[in-house]
Amino acid sequence: MAYTIPNTCVHCGICLPECPTGAIQIDKNSEHWVEPGLCNNCEDENSNPLCVNSCPDSLPLPLPAKKGRYKAEPRVLTTHHLFANGHNNPIASSMVVWEACNILAKGSVFPWRINHQSKVCFERQVKQGKGKIEFCLADGINNDPDCALDSEEAVETIEAMDIRAACIHLIFAAYSTFSERPWEKEFAIDNKQLETYLGLDKRKDLSKAAKLTLIKSLVQQPCKLLATIDWPRQGKIASFTVPEDRIWHLVAIDNHFQEDNHGYKHLVGMTFRIKAGKWAKYFLNKQGYKKYSAYYQYGTLPKFLLTTVMSIWHQHEGTVRMMLWLLFKTKMGREQRVTVTRLMYVAYGEEQVRQASFDREKRKRLLRRFESDLEVLNHYQIKPVFDPITYPTRIQPLWARLAAIPDDAEEAMEFWINDGCNETSITDSAPAGKWNLLMKARILKFELPPEWDKQLSRWENKKQRKTKTRRKNLTQTVSHFSGEQISIARKNLGISQRKLAQKLGKSQSWIRDIENSRFSAKPGDYQKLQKILELE
């Protein structure tokens with residue numbers, strides 16, 4: 001039974017440090033209240049709860065059950081609802097958001113390390129080590145800057161990470177796309193919206209207090225991530241540095257109460273006010289993107305992904321991690337070849353894969369788990385396409401091999417007859433050395449559900465049109481220069497073939513072949529020649 005603090009309390013604060021679960025809190029009016037989802041009646045104690053024993057007036061009283069339904073009170077929010085089209089919503093998809101999602105999804109499985117300041121962190125290299133992003137963990141979730149946790153303090157925070165917090169992180173990343181300047185303007189989201197997005201409104205086994213406590217805990221976890229960014233120059237965008245800052249700032253939590261006929265206050269809702277960190281100024285900046293001073297990187301968030309993660313996270317953590325990773329990976333192109341080793345690292349962590357390589361029993365369990373997770377992905381219409389060369393039928397999962405059986409009864413009978421006449425059968429056990437073969441295998445791509453794939457197709461077509469237009473312009477600009485014109489221009493400037501080759505990063509024989517018109521250079525090389533030789 002949960003306890004509550006009545007209106008007669010003088011709010012002296014004596015009971016606040018006595019609560020072992022942190023259920024007693026202070027609201028914006030400096031009044032104490034008890035969060036029912038955290039109050040466990042001090043179940044480890046044989047006598048009265050500690051807060052009752054410490055209070056001179058014994059005022060914390062048992063909270064009676066709420067009778068009747070909660071009144072529906074309208075709440076004014078400052079932001080839109082997600083999934084206006086019913087299928088998907090834009091989402092910030094920069095490397096900062098991607099890695100933060102991976103950290104929340106993996107928790108203690110993630111390859112954390114201790115830096116030179118004795119802080120637990122993870123470092124992501126950028127552009128072959130020319131830049132980096134360093135992630136650390138903060139102690140609190142308030143808006144004041146906190147120092148990153150050291151190695152001893154961070155262990156408890158890492159172990160308490162919930163994979164479902166990655167869904168909250170994605171929801172924040174989706175909301176941040178609504179604002180022109182998300183690093184300055186906060187957005188508000190209440191528990192009802194989060195319950196709808198996560199599918200918790202369908203959970204009848206959870207009480208109102210349990211749902212609110214769960215949502216509050218999940219919201220706080222992404223707000224404990226800190227990022228320090230050292231970004232190299234890329235194209236026209238100059239290098240920049242972002243000092244240590246939170247990925248998401250939890251500006252405030254507004255608690256909503258309803259009072260019953262007996263004067264007891266019941267917690268009925270929460271509104272969370274969130275603001276993106278400084279990273280958004282460089283990776284989610286429309287105006288800066290137009291001026292070549294920042295990026296505006298966004299992807300698409302399918303609605304079904306959130307509810308799917310919330311329903312299967314406990315039984316299939318590996319599936320969830322692969323699904324979240326593919327959300328960002330497919331933004332780079334639908335036909336991205338992925339090795340089995342990389343997928344296992346994503347799903348289970350490098351340490352588990354390494355241990356399986358030296359232990360037969362662990363290897364067998366990990367193989368079964370991996371093939372089961374792939375089957376769940378396939379069930380949710382994220383279908384792997386196996387490379388026939390490196391991932392042949394004989395090492396594919398049984399469920400993938402059985403998919404080749406026709407649905408028609410007569411065709412199925414003929415299939416099994418032919419299968420029985422072959423030297424190898426579709427139901428044969430895995431060949432010897434399957435693990436080593438899988439470590440070299442690749443998946444060509446993942447076929448995606450329509451609400452996910454449609455937007456990716458549109459982006460790829462748009463990107464291809466831009467590339468074709470750029471190449472066409474380059475060709476029209478420089479392709480009319482002949483080998484003889486290039487040779488004359490070079491001699492007029494007194495440049496030798498060897499020196500010209502060094503400036504271009506080519507061999508001397510390449511320059512000689514171009515001048516003799518043995519082949520044509522690419523438009524980009526012609527453009528460099530035009531600039532060096534001052535061709536009009």
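Residues numbered from 1 in each chain as written. Predicted model: local features only at pLDDT ≥ 70, side-chain atom pairs only at ≥ 80, totals over all residues. Heavy atoms only, no water.

Right, let's talk about the overall build of the protein chain for a bit. Within the protein chain one finds 21 helices and 17 strands. Counting only contacts in the protein chain whose residues sit at least 6 apart along the sequence, the fraction spanning at least 24 positions is 69%. Accessible surface, the protein chain as shown: approximately 28800 Å² in total, 48% of it carbon and sulfur. (Helix = DSSP H or I, 4+ residues; strand = E, 2+ residues; numbered from the N terminus. Contact = heavy atoms within 4.5 Å. Areas by Shrake-Rupley, 256 points an atom, 1.4 Å probe, with all protein chains shown as cover.)

Right, let's talk about the pattern of salt bridges for a bit. Across all of its chains, the model carries 17 salt bridges by this definition. Close ionic contact of Arg 442 with Asp 387 constitutes a salt bridge, the shortest N to O distance being 3.1 Å. Taken together, the positions of Arg 442 in strand E17 (residues 442-447) and Asp 387 in the loop between strand E16 (383-386) and helix H14 (398-402) put the pair 55 residues apart, joining distant regions of the chain. The buried category is assigned to Asp 387, whose relative accessible area is 4%. Measuring nitrogen to oxygen at the nearest pair gives 2.6 Å for the salt bridge that ties Glu 515 to Arg 490. Of this pair, Glu 515 sits in helix H20 (residues 508-515) while Arg 490 sits in helix H18 (residues 483-492), and the two are 25 residues apart along the sequence. By sharing partners, the salt bridges in this structure join Arg 113, Glu 123, Lys 132 and Glu 134 into a single network. (Salt bridge = Lys/Arg side-chain N within 4 Å of Asp/Glu carboxyl O. Buried < 20%, exposed > 50% of the residue type's maximum accessible area, 1.4 Å probe, protein only.)

Of all the positions in H18, only Gly 483, Ile 486, Ser 487, Ala 489 and Arg 490 are classed as buried. Down the axis of H18, the buried set is contained in an arc of 165°. They therefore lie on one face. Seen from the buried face of H18, the exposed residues on the opposite side, beyond 90 degrees, are Glu 484, Lys 491 and Asn 492. The inward-facing, buried residues of H18 contact helix H19 (497-504), H20 and helix H21 (523-533). The positive-phi residue at the C-terminal boundary of H18 is Gly 494, with phi of around 70°. (Arc of directions from axis to C-beta.)

A word on a negative patch on the surface. Negative charge collects at one region of the surface, where Asp 407, Asp 408, Glu 410, Glu 411 and Glu 414 lie side by side. Given the relative accessible area of 67%, Glu 410 is considered exposed. (Patch = residues over 30% accessible without salt bridge, like charges linked within 9 Å, V, L, I, M, F, W, Y side chains within 5 Å. Lys, Arg positive; Asp, Glu negative; His and termini not counted. Charge placed at Lys NZ, Arg CZ, Asp CG, Glu CD.)

This next bit is on H20. If you check which residues of H20 are buried, you get Trp 510, Ile 511, Ile 514 and Glu 515. Within H20, the buried residues cover an arc of 130° as seen down the axis, which keeps them to one side. Those residues of H20 that are buried lie in contact with H18, H19 and H21. One or two steps after H20, the chain reaches Ser 517, where phi turns positive at roughly 60°.

Bringing the side chain of Thr 308 into the picture now. Relative to the elements of secondary structure, Thr 308 occurs in helix H9 (residues 303-312). Look at Thr 308 and you get buried, because its relative accessible area is 5%. When sequence neighbours within four positions are dropped, the list of residues in contact with Thr 308 reads Met 323 and Tyr 380.

Below, the discussion takes up the sheet that holds strand E12 (residues 248-259). The strands making up a sheet associate through backbone hydrogen bonding, with each pair oriented either parallel or antiparallel. Across the sheet, 3 strands lie side by side as E9-E13-E12; this open sheet has antiparallel pairing. Across the chains shown, the open sheet's two edge strands, defined by having one partner strand only, are strand E9 (187-190) and E12. Each strand axis lies, on average, 25° off the axis of its neighbour in the sheet, ignoring direction. Here 4 bridges tie E9 to strand E13 (residues 265-276), and the two strands are oriented antiparallel to one another. Its bridge partner being in E13, Phe 187 is matched across the sheet by Ile 274. The sheet contacts of helix H4 (residues 165-175) involve E9, E12 and E13, and relative to E9 the element is tilted by about 140°. Strands in contact with helix H5 (residues 191-198) are E9 and E13; relative to E9, the strand with the most contacts, it is inclined by about 70°. (Pairing = 2+ DSSP bridges. Axes fitted to C-alpha atoms, helices over the stretch in contact; angles between N-to-C directions.)

A contiguous nonpolar surface patch, about 250 Å² in accessible area, is contributed by Leu 398, Leu 402 and Trp 416. Position of Trp 416 relative to the elements: it lies in helix H15 (residues 409-421). Residue Trp 416 is classed as partly exposed on the basis of its relative accessible area, which comes to 37%.

Here the focus is the sheet that holds strand E8 (residues 131-137). Here we have 5 strands laid out as an open sheet, ordered E6-E7-E8-E10-E11, and antiparallel in their pairing. Every interior strand has two partners, whereas the edge strands, strand E6 (113-114) and strand E11 (240-246), have only one. Where E6 lies against strand E7 (residues 120-126), 2 bridges are found, and the strand directions are antiparallel. Bridge pairing links Ile 114 to Val 120 in E7. Against the sheet, helix H2 (residues 95-106) makes contact with E7, E8 and strand E10 (225-231), and its axis sits at roughly 40° relative to E8, the strand it touches most.

This brings us to the pairing of E8. The buried count for E8 comes to 6 of 7 residues, which makes it a mostly enclosed element. Relative to E8, E7 is paired through 6 bridges, and the arrangement is antiparallel. Across the sheet, the residue bridging to Phe 122 is Phe 135, located in E8. The pairing of E8 with E10 spans 6 bridges and is classified as antiparallel. Paired with Leu 137 across the two strands is Leu 225, which belongs to E10.

A surface patch of positive charge is lined by Arg 360, Lys 362, Lys 364, Arg 365 and Arg 368. Note that Arg 360 resides in helix H13 (residues 360-379). On the basis of relative accessible area, Arg 360 is assigned to the exposed category, the value being 60%.

The next point concerns the packing of H4 against H5. Between H4 and H5, the shortest axis-to-axis distance is 11 Å and the interhelical angle comes to 110°. The angle between the axes of H4 and H5 places the two elements in the roughly perpendicular class. When you trace H4 past H5, the crossing you get is right-handed. Each of Cys 167, Ile 168, Ile 171 and Tyr 175 in H4 lies in contact with H5, whose residues at this interface are Gln 193, Leu 194, Tyr 197 and Leu 198. Among the residues forming the contact of H4 with H5, the class breakdown is 7 nonpolar, 1 polar and no charged. (Parallel < 35°, antiparallel > 145°, perpendicular 65-115°, else oblique. Left-handed = near helix turned anticlockwise from the far one by under 90°. Nonpolar A, V, L, I, M, F, W, Y, C, P; charged D, E, K, R; others polar.)

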